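Below are the chains, spelled out letter by letter.
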Amino acid sequence: LSVDAAQQIAIGLETFFLRNERACGNALALAQYLQQHPAVDHVDYPGLPNHPQHARAKMLFGDHGFGALLSFTVKGNKTANQVLDDLNVVMISTHLGDNRTMALPVAQTIYAEMGAEQRQQWGIGDGLIRLSVGIENIDDLINDWNCALG
C-alpha cells in the first residue's frame, strides 16, 4: 500500500460514519417512496416492514440503518433502461458503491447472458433496477425518480 493510498483511506474513514448514515437514511426514504409509487410493482429492501427478512435485519443492524442497496421492479412493459434514460441526478452505472446514487438495470447487465426464459424462471424481469443509494439530498432523488417513473 502506498503512502498516498493509505492517506486517502484514512481521510475517507474520518467521514465514513456520516456518509453511511446519510446513505442508509436516503435508501429507507427512497424505498418507502418507491413502494407507494403506482409505476412500481415491488421494492426489495430489508428496512421495509413487509420485507421477509425485516425482523432479522432489525435484530442484526439495530439502529444503524439497513444498508444503502435496494432493488425494485417497474410495473408493466416498461424496461429498466427506459426508466433509467429519464434520470438526471441518479447515475447509470455498471458498479455500485459510491457517494452518488447509482442505478443498474439488472436483466440487461448482470444476467444478460442468461437469456429471457431463465431470467423469468428466476424472477428477474426486464424492469428490475438495483440501486446503490448515495448521500444526495433526498428530495432531489425522489424528484428524479418521480420524473423518470412518470
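Located above this text is the structure these notes cover.
What counts and what doesn't
- Residues numbered from 1 in each chain as written.
- Predicted model: local features only at pLDDT ≥ 70, side-chain atom pairs only at ≥ 80, totals over all residues.
- Heavy atoms only, no water.
- Axes fitted to C-alpha atoms, helices over the stretch in contact; angles between N-to-C directions.
- Helix = DSSP H or I, 4+ residues; strand = E, 2+ residues; numbered from the N terminus.
- Parallel < 35°, antiparallel > 145°, perpendicular 65-115°, else oblique.
- Left-handed = near helix turned anticlockwise from the far one by under 90°.
- Contact = heavy atoms within 4.5 Å.
- Nonpolar A, V, L, I, M, F, W, Y, C, P; charged D, E, K, R; others polar.
- Patch = residues over 30% accessible without salt bridge, like charges linked within 9 Å, V, L, I, M, F, W, Y side chains within 5 Å.
- Areas by Shrake-Rupley, 256 points an atom, 1.4 Å probe, with all protein chains shown as cover.
- Salt bridge = Lys/Arg side-chain N within 4 Å of Asp/Glu carboxyl O.
- Buried < 20%, exposed > 50% of the residue type's maximum accessible area, 1.4 Å probe, protein only.
- Core = buried A, V, L, I, M, F, W, Y, C linked by side-chain atoms within 4.5 Å.
- Polar contact = N/O pair within 3.5 Å; in protein donor to acceptor, adjacent residues only side chain to side chain.
- Pairing = 2+ DSSP bridges.

Novice: Outline the packing of helix α1 (residues 3-36) against helix α5 (residues 138-149), supporting the account with residue identities and numerical values.
Specialist: The interhelical angle for the contact between α1 and α5, taken along N-to-C directions, is 30 degrees, at an axis separation of 10 Å. Overall, the two elements α1 and α5 adopt an arrangement that is roughly parallel. The handedness of the crossing between α1 and α5 is right-handed. Residues N26, A29, L30, Y33 and L34 of α1 form the contact with α5, whose own contacting residues are I138, L141, I142, W145, N146 and L149. The class makeup of the residues in the contact of α1 with α5 is nine nonpolar, two polar and no charged.

Novice: Residues and numbers for a nonpolar patch on the surface, please.
Specialist: Nonpolar side chains collect at one region of the surface, where L1, I9, L13 and F16 lie side by side and expose about 490 Å² of accessible area between them. Secondary-structure assignment places F16 in helix α1. On the basis of relative accessible area, F16 is assigned to the partly exposed category, the value being 44%.

Novice: Report on the nonpolar core, specifying residues and quantitative values.
Specialist: One finds L34, L70, F72, I129, L131, W145 and L149 to be the most contacted residues of the largest nonpolar core, which totals 28 residues. For this core, the secondary-structure elements that each account for two or more residues are α1, β1 (40-44), β2 (69-74), α3 (80-84), β5 (128-132) and α5. For F72, the residues in contact, after removing those within four places along its chain, are L34, V40, H42, V43, G127, L128, I129, L131, W145 and L149.

Novice: Break down the pattern of salt bridges for me, citing the residues and quoting the values.
Specialist: Counted according to the given criterion, the structure contains two salt bridges. Across the pair D98 and R100 runs a salt bridge, and its minimum N-O distance is 3.0 Å. In this structure, D126 and R119 form a salt bridge, with 3.8 Å as the shortest nitrogen-oxygen distance. Judged by relative accessible area, D126 falls into the partly exposed class, the value being 41%.

Novice: Can you tell me about the side chain of S132, naming the residues and giving the values?
Specialist: Within the secondary structure, S132 sits in strand β5. A distance of 3.0 Å separates the side chain of S132 from the backbone nitrogen of G97, its partner in a polar contact. Sequence-distant contacts of S132, that is, excluding residues within four places in its chain, are made with A68, L69, L96, G97, D98, R100, T101 and M102.

Novice: So what's going on with the pairing of β5? Which residues, and what values?
Specialist: Summarising burial for β5: four of the five residues are buried, a large majority. In this sheet, β5 lies alongside β2 in antiparallel orientation, the contact comprising five bridges. By the bridge assignment, L69 is partnered in β5 with S132. Alignment of strand β4 (residues 102-105) against β5, held across four bridges, turns out to be antiparallel. Each bridged residue has a counterpart across the sheet, and for L104 the counterpart in β5 is R130.

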